[in-house]
Amino acid sequence: MSRAASATKSGPTPAQPASTNKARIHIIYYSMYGHIAAMAKSILKGVEAAGAEGRLIQVPETLSADVLAKMHAPEKDKTVPTITLDEAGENTVGLEDALVNCDGILLGVPTRFGGIPAQMKALWDATGGLWKKGALVGKPIGVFISTGTPGGGQETTTLTSLTNFCHHGMIFVPIGYSSPLLMNLTEIHGGSPYGAGTFSAPDGKRQPSQLELQVAEHQGTLFAHTATALKVGRAATSDQTKTERPTSSKK
């Protein structure tokens, strides 16, 4: 069963060791109106196209059901497990499982006033224990974004989130202009050299365009190749170090 399929099952889903050369990518996202969720699925498609294992995981909601109802927010996708800061239970994933037990993280973030939303900030604020252990040092991470308008924070949201990644010693992987679709000026679209992006429009009714979904898929593939290269390279270096280590001899 594929990682994507296993993510749809209810109950705790602890990550299992991946095959030697197959990178495991966790696509962790928060989505209130479905825009980032749609982008995440295209990201997953790109990850799997690169031969890596992809796993969709949601960031926990911090708003009450009453507030969400007033905001006309649809229900979250119950087929995708959610991170819990407590013991993992039905359709939940522990924080360490989500962030540590993988070879790379792609983070899906809707903006709030040009920065990451409180839900995503709460997640990173809970990683003090992981920071103390250096659990995320050297782990590659990328970001994809949703904003209401072209000037709503496609780049600033990523830039202001870098402080979290840098404090953990993570490796930020941008997409640059590796996809020519980013330079397409024949239609309005999100995305930047920092990562894929979409516009929701001020009323939230606009959904990701085909171009935006294609850029997201491209990002998934590019990131998976990078994470795989790091995984294989580190394994080779480790094996070489073990081989070259001198054996002790009696004198």
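Keep in mind it's a predicted model, so treat the numbers as computed, not measured. (Residues numbered from 1 in each chain as written. Predicted model: local features only at pLDDT ≥ 70, side-chain atom pairs only at ≥ 80, totals over all residues. Heavy atoms only, no water.)

Student: Explain the overall build of the protein here, please?
Tutor: Counting its secondary structure elements, the protein contains eight helices and eight strands. The burial tally for the protein puts 46% of its 251 residues in the buried class. When the accessible surface of the protein is split by element, carbon and sulfur atoms take 57% of a total near 12500 Å². (Helix = DSSP H or I, 4+ residues; strand = E, 2+ residues; numbered from the N terminus. Buried < 20%, exposed > 50% of the residue type's maximum accessible area, 1.4 Å probe, protein only. Areas by Shrake-Rupley, 256 points an atom, 1.4 Å probe, with all protein chains shown as cover.)

Student: Before we go on, may I ask you to explain helix H5 (residues 118-125) in this structure?
Tutor: The periodicity of an α-helix, 3.6 residues per turn, causes residues three or four positions apart to be oriented the same way. By the burial criterion, the buried members of H5 are Gln119, Met120, Leu123 and Trp124. An end-on view of H5 places all buried positions within 135° of arc, on one side of the element. In H5, the exposed residues that point more than 90 degrees away from the buried face are Ala118 and Asp125. Residues of H5 that are buried in the fold lie against strand E1 (24-29), strand E3 (82-84), helix H4 (95-99), strand E5 (104-110), strand E6 (140-147) and helix H7 (156-167). (Arc of directions from axis to C-beta. Contact = heavy atoms within 4.5 Å.)

Student: How should helix H2 (residues 35-49) be read in this particular structure?
Tutor: With 15 residues, H2 extends 22 Å between its outermost C-alpha atoms, agreeing within 8% with the 21 Å of an ideal straight helix rising 1.5 Å per residue. Taken together, the buried positions of H2 are occupied by His35, Ile36, Ala37, Met39, Ala40, Ser42, Ile43, Leu44, Gly46 and Val47. Remark: Gly51 follows H2 within two positions and exhibits a positive phi of approximately 85°. (Expected span 1.5 Å × (residues − 1).)

Student: Would you mind going over the confidence of the model for the protein with me for this structure?
Tutor: In low-pLDDT regions, the fine details of the predicted coordinates are not to be read closely. In the predicted model, the protein carries a mean pLDDT of 89, and the fraction of residues at 70 or more is 87%. In the predicted structure, residues 1-18 sits below a pLDDT of 50 and forms 45 contacts with residues beyond four places in sequence or in another chain. (pLDDT = per-residue confidence, 0-100.)

Student: Can you help me understand a nonpolar patch on the surface in this one?
Tutor: Where nonpolar side chains cluster on the molecular surface, the patch consists of Tyr33, Leu63, Val67 and Met71 and spans about 280 Å² of accessible area. Topologically, Val67 is positioned in helix H3 (residues 65-70). (Patch = residues over 30% accessible without salt bridge, like charges linked within 9 Å, V, L, I, M, F, W, Y side chains within 5 Å. Salt bridge = Lys/Arg side-chain N within 4 Å of Asp/Glu carboxyl O.)

Student: Even after reading the chapter, I still don't get the environment of Tyr177, so can you show me in this structure?
Tutor: Checked against the element boundaries, Tyr177 lands in the loop between strand E7 (171-172) and strand E8 (197-199). The sequence separation of Tyr177 and Tyr194 amounts to 17 residues, and the corresponding C-alpha distance is 9.0 Å.

Student: What is the right way to look at the environment of Asn164 in this model?
Tutor: You can see Asn164 is positioned in helix H7. Distance in space between the C-alpha atoms of Asn164 and Asp125 is 8.8 Å, their sequence separation being 39 residues. For Asn164, the residues in contact, after removing those within four places along its chain, are Ile116 and Trp124.

Student: Before we go on, may I ask you to explain unusual backbone geometry in this structure?
Tutor: One can expect most non-glycine residues to show negative phi and most peptide bonds to be in trans. Even without being a glycine, Asn91 presents a positive backbone phi close to 55°. Mapped onto the secondary structure, Asn91 falls in the loop between E3 and strand E4 (92-94). Although it is not a glycine, Phe113 sits at a positive phi angle of roughly 55°. The residue Phe113 is located in the loop between E5 and H5 in this model.

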